[in-house]
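Reading the structure
Residues per chain, in single letters:
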Amino acid sequence: MPAPQQQHADENDESREAETVAPAVEPLEIEHGGDESEQETRGLVSSAGGVVMGQQEAMKYRTKLSIMIIIVLLLLIVISLVTLRGSPYSNANTSTDSFFPEELLLHTVYDAKDFENEWQVTPPYWEDVHESNQNSNSSNNSSLIAHLGPCYLPHEQLDWQSLTEDSLYNESADHIQYANVVQNRHKDSNEGALGPGQEDLSGLCRPGFIIIGAGKCGTSSLYHYLVGHPRVLPAKNKQIHYFKYWSFRPMKWYLSNFPPAKTFLSHGALMTGEASPGYLPYPNVAHILGDWMQSKAGNGQGQPVVSPKIITIARNPLERSWSSYKYNYRNPLLERLRKRERAVQHHTDAWYMENKIFSFEELIRAELKLLKVCLKPGGKGETGAQKLYGTEEWAASVMEQRRKENKTPLVTIDESCYGGRISKSVPRRQWKHLVEKHPKKIIDVPNLHLVQSLIGRSLYVLPLEWWYALYSERDLYLVCSEDLRYRPNEAMTNVSNFLGLPAFDFTNVTNAGLYNVGGHTGYDTVTEWNLTSVPDTIPISKELRKEYLDFVRPFNERLFQLVGKRCDW
């Protein structure tokens with residue numbers, strides 16, 4: 001993945017730059033000056049040879065003057081064209097008035113110190129603003145700031161002072177007016193095929209961070225703590241999953257899920273973002289996220305790439321597997337059975353667990369057997385990755401690089417190991433023997449892709465190796481779930497520093513509790529700390545627990561080596 005990208009300069013700045021770098025036109029040095037001097041010269045020449053020499057000199061002067069005039073005219077034409085054209089995406093994503101609003105820089109909304117924190121990290125998309133402040137010798141830097149951070153300039157002229165005053169009374173996220181972009185829900189609409197510069201993104205803002213997973217590791221809490229920072233605004237919804245499930249829609253639809261420019265800037269925000277756990281497992285998502293944020297939501301050809309900061313949160317693998325089992329299989333199935341059967345039969349939950357629902361141990365044992373074969377050297381995890389992505393230029397290059405460096409080959413676990421439905425009663429081959437042994441038990445449930453990979457989605461290093469191969473390490477960060485639970489303020493301070501945000505005490509934000517815990521409570525539902533359950537005893541035999549931990553241990557060590565830190569497991 002290319003290095004981060006800066007905003008392209010607006011038309012006025014490019015004009016000034018052209019004037020600055022244009023070669024100076026040297027004035028024509030005619031000693032006696034103008035036509036009168038030329039006539040005087042002719043009068044003073046008496047000999048024929050002198051007349052000829054005078055005519056030759058005059059011709060030289062005229063030729064030189066004509067050349068210089070042509071040069072000046074050409075330069076004026078070039079400057080005019082630059083001013084009218086702007087940068088490659090100016091027609092779609094810029095306006096002629098693109099200076100950073102002076103009202104926002106009067107130490108009330110933004111301050112020069114906002115654009116680099118104490119760790120000397122600048123928030124994504126604010127690099128040009130920070131550099132303008134650094135390079136300016138003037139006390140008023142507003143005329144030197146050419147871009148609105150992560151936001152595309154709105155077409156209309158805005159009264160920033162009034163907007164700023166209104167934001168003081170409407171600081172709650174409930175007052176954010178998101179853009180209303182209605183798009184086709186069908187994948188064959190082909191709206192996502194719009195190329196660079198073909199969409200009008202004016203007035204929209206790009207995310208500065210994306211939490212890519214992993215599911216059931218605390219993404220909801222991490223997201224809500226992060227948007228609790230006063231310089232971070234929330235998305236319309238925590239999970240957007242654009243790059244996985246909605247990529248057939250245009251970039252404009254995606255960006256409409258974030259606060260618009262006038263709201264973003266009048267609130268003094270530095271970034272917004274989303275949390276979509278479905279991004280992490282898929283290599284093609286890692287590719288198109290970075291590629292499209294450059295090409296479809298970038299700043300023009302030839303500009304350095306800027307992408308959102310990528311954050312992952314990882315949890316003790318066995319605890320994540322158990323949590324996912326409850327959240328995606330046991331609890332929803334129990335609820336379904338209660339509604340469907342209790343009207344005519346009076347069964348307890350224990351009866352359902354015994355007769356209708358596969359146990360955690362049964363599903364873990366079946367998946368563990370599958371993964372030991374799939375993830376062995378030369379197994380389907382490796383060959384499947386080569387088959388799926390080996391002909392893709394972006395993937396082939398990183399695969400070849402790892403081969404040259406004698407690193408473990410990249411694998412595709414979700415796409416290669418589990419396979420599809422075998423029959424109506426057997427949705428995945430790993431459960432074939434379980435279904436044959438317990439035909440009355442139910443396994444065909446929604447979210448099969450999550451139930452099938454209770455262990456697979458706990459092997460965080462396998463998908464992360466793709467992300468680290470495609471992105472710069474400075475744009476990637478791993479949070480340990482245990483740090484977020486037991487040392488939340490410290491954990492959030494580290495995340496904030498990574499993102500380039502100003503210092504902030506997260507204590508009041510994290511004291512609210514944990515989000516989306518204890519079942520399907522909702523991503524925005526918070527449970528107070530004193531009501532959150534202590535991790536319960538995982539119902540797994542001692543033998544299988546050891547087999548599970550022995551299997552995941554080498555993957556954990558690869559993860560710690562990859563990210564440069566260790567978690568408490």
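Residue indices begin from 1 for each chain and proceed along its sequence in written order. Local features in this predicted model are restricted to residues whose pLDDT is 70 or higher, and side-chain atom pairs enter the listing and the counts only when it is 80 or higher, whereas totals over whole chains, interfaces and linings include all residues. With hydrogens and water stripped out, all remaining heavy atoms of the structure feed into the side-chain values.

**Things to note about the overall build of the protein**
Numbered from the N terminus, helices here are DSSP runs of H or I no shorter than four residues, and strands are runs of E no shorter than two. On a plain count of helices and strands, the protein comes out with 24 helices and seven strands. To sort residues, take the accessible area from a 1.4 Å probe on protein chains only and compare it with the maximum for the residue type: under 20% means buried, over 50% means exposed, and anything in between is partly exposed. The buried share of the protein, reckoned over its 569 residues, is 51%. Long-range contacts, defined as pairs at least 24 residues apart, comprise 79% of the intrachain contacts of the protein with a sequence gap of at least 6. As displayed, the protein offers around 28,100 Å² of accessible surface, 52% of which is attributable to carbon and sulfur atoms. Residue contacts are defined here by distance: any two heavy atoms, one from each residue, within 4.5 Å place the two residues in contact. For the area figures, the Shrake-Rupley method with a 1.4 Å probe applies, and any residue is considered shielded solely by the protein chains shown.

**Regarding the packing of aromatic side chains**
Any aromatic ring pair is given by two values, namely how distant the centres are and how the planes are angled relative to each other. Two aromatic rings from Phe, Tyr or Trp, using only the six-membered ring of Trp, form a pair when their centres are within 6.5 Å; if the ring planes differ by under 30 degrees the pair is stacked, by over 60 it is edge-to-face, and anything between is tilted. Following the criterion strictly, the structure yields 27 aromatic pairs and no others. Consider the rings of Y225 and Y515, whose centres lie 6.3 Å apart with planes at 75 degrees: the pair is edge-to-face. With Y225 in helix α7 (residues 219–226) and Y515 in strand β6 (residues 514–515), the pair connects residues that are 290 residues apart, well separated along the chain. A centroid spacing of 6.0 Å and a plane angle of 55 degrees characterise the contact between Y460 and W569, whose relative ring orientation is tilted.

**With respect to the nonpolar core**
When a protein is soluble and globular, its nonpolar side chains tend to lie buried together. In these notes, a set of buried Ala, Val, Leu, Ile, Met, Phe, Trp, Tyr and Cys residues joined through side-chain atoms within 4.5 Å is what counts as a nonpolar core. Counting residues in hydrophobic clusters, the biggest one holds 135 residues, and the most contacted among them are F243, Y254 and W467. Setting aside chain neighbours within four positions, we find F243 in contact with I210, Y254, Y279, V285, I288, L289, W292 and M293.

**Describing the packing of helix α11 (residues 283–295) against helix α20 (residues 461–470)**
Axis definition: a line fit to C-alpha positions, over the contact stretch in the case of helices; interaxial angles, taken between N-to-C directions, run 0 to 180 degrees. Packing of α11 against α20 brings their axes to within 9 Å, and their N-to-C directions diverge by 25 degrees. With respect to each other, α11 and α20 are oriented roughly parallel. Crossing geometry of α11 relative to α20 is assigned as right-handed. Contacts between α11 and α20 involve P283, V285, A286, H287 and L289 on the former and, on the latter, W466, W467 and L470. Reported orientations rely on four angle classes, namely roughly parallel under 35 degrees, roughly antiparallel over 145, roughly perpendicular from 65 to 115, and oblique for the rest. Take the far helix as the reference: if the near one is turned anticlockwise from it by less than a right angle, the crossing is left-handed, and if turned clockwise, right-handed.

**Quick look at the environment of L363**
The residue L363 is located in helix α14 (residues 360–374) in this model. In this structure the C-alpha to C-alpha distance between L363 and V451, which are 88 residues apart in sequence, comes to 8.6 Å. What L363 contacts, discounting residues up to four positions off in sequence, is Y325, Y329, F358, W431, L434, I443, V451 and L454.

**Remarks on the state of the cysteines**
When the sulfur atoms of two cysteines come within 2.5 Å, that pair is taken as a disulfide. Evaluation of the coordinates by the stated rule reveals three disulfides. One disulfide bridge connects C374 with C417, the sulfur atoms lying 2.0 Å from each other. Taking the sign of the torsion about the S-S bond as the criterion, the disulfide between C374 and C417, at about -85 degrees, is left-handed. Of this pair, C374 sits in helix α14 while C417 is found in the loop between α17 (413–416) and α18 (432–437), placing the two residues 43 residues apart along the sequence. Here C374 and C417 have matching classes, each one buried. Sequential numbering of the bridged cysteines in the protein gives the disulfide pattern 1-2, 3-4, 5-6.

**Topic: the pairing of strand β1 (residues 209–213)**
Burial runs high along β1: five of the five residues are buried. Any two strands with at least two DSSP bridges between them are considered paired. Two strands pair when backbone bridges link them, and β1 and strand β3 (residues 271–275) are joined in this way by three bridges, in the parallel orientation. Residue pairing in the sheet places I210 in a bridge with E274 of β3.

**Looking at the pairing of β3**
Consecutive side chains of a regular strand alternate in pointing toward one face of the sheet and then the other. Counted residue by residue, β3 has five buried out of five residues, so it is predominantly covered. What you see with β3 is no split at all: M271, G273 and A275 on one side and T272 and E274 on the other are buried throughout.

**Brief notes about the side chain of R206**
By secondary structure assignment, the location of R206 is in the loop between α6 (160–169) and β1. Judged by its relative accessible area of 1%, R206 falls in the buried class.

**Focus on the confidence of the model for the protein**
Here the protein averages 80 in pLDDT, while 72% of its residues score no lower than 70. Values of pLDDT, which run from 0 to 100, indicate the predictor's confidence residue by residue. Segment residues 137–146: pLDDT under 50, and 21 contacts once partners within four positions in sequence are set aside and those in other chains are kept.

**Let's talk about α20**
Working note: α-helix, 3.6 residues per turn, so residues spaced by three or four point in the same direction. Of all 10 residues that make up α20, nine are buried, and the element is covered over most of its length. Within α20, the full set of buried residues consists of V461, L462, P463, L464, E465, W466, W467, Y468 and L470.

**Digging into the sheet that holds β1**
Strand-to-strand pairing in sheets goes through backbone hydrogen bonds, with the strands running parallel or antiparallel. On the basis of which strands lie adjacent, the open sheet formed by five strands has the order β2-β3-β1-β4-β5 and parallel pairing. Every other strand in the sheet has two partners, leaving β2 (232–234) and β5 (476–480) as the edge strands with one partner each. Each adjacent strand pair in this sheet contributes to an overall mean axis angle of 30 degrees, direction not counted. Two strands pair when backbone bridges link them, and β2 and β3 are joined in this way by three bridges, in the parallel orientation. Looking at the pairing, P234 lines up with G273 of β3. Here α20 sits on the sheet and contacts β1, β4 (309–314) and β5; the angle it forms with β5, its principal contact strand, is near 150 degrees.

**Quick look at unusual backbone geometry**
Cis geometry marks the peptide bond from G213 to A214, where omega comes out at 5 degrees. Mapped onto the secondary structure, A214 falls in the loop between β1 and α7. Of note in this structure, Q120 is not a glycine but carries a positive phi near 60 degrees. Along the chain, Q120 turns up in the loop between α4 (90–93) and α5 (127–135). Judged by relative accessible area, Q120 falls into the exposed class, the value being 63%. A positive phi is found at Y125, a non-glycine position, where the angle reads about 80 degrees. Positionally, Y125 belongs in the loop between α4 and α5.

**Some thoughts on the pattern of salt bridges**
We count a salt bridge whenever a side-chain nitrogen from Lys or Arg sits within 4 Å of a carboxyl oxygen from Asp or Glu. Applying the stated criterion across every chain yields a total of 19 salt bridges. The partner of D349 in a salt bridge is R338, and the shortest N-O contact between them spans 2.6 Å. Remark: R338 occurs in helix α12 (residues 317–341) and D349 occurs in helix α13 (residues 349–355); sequence separation between them is 11 residues. We classify R338 as partly exposed; its relative accessible area is 26%. A network of salt bridges, in which partner residues are shared, links E335, R338 and D349.

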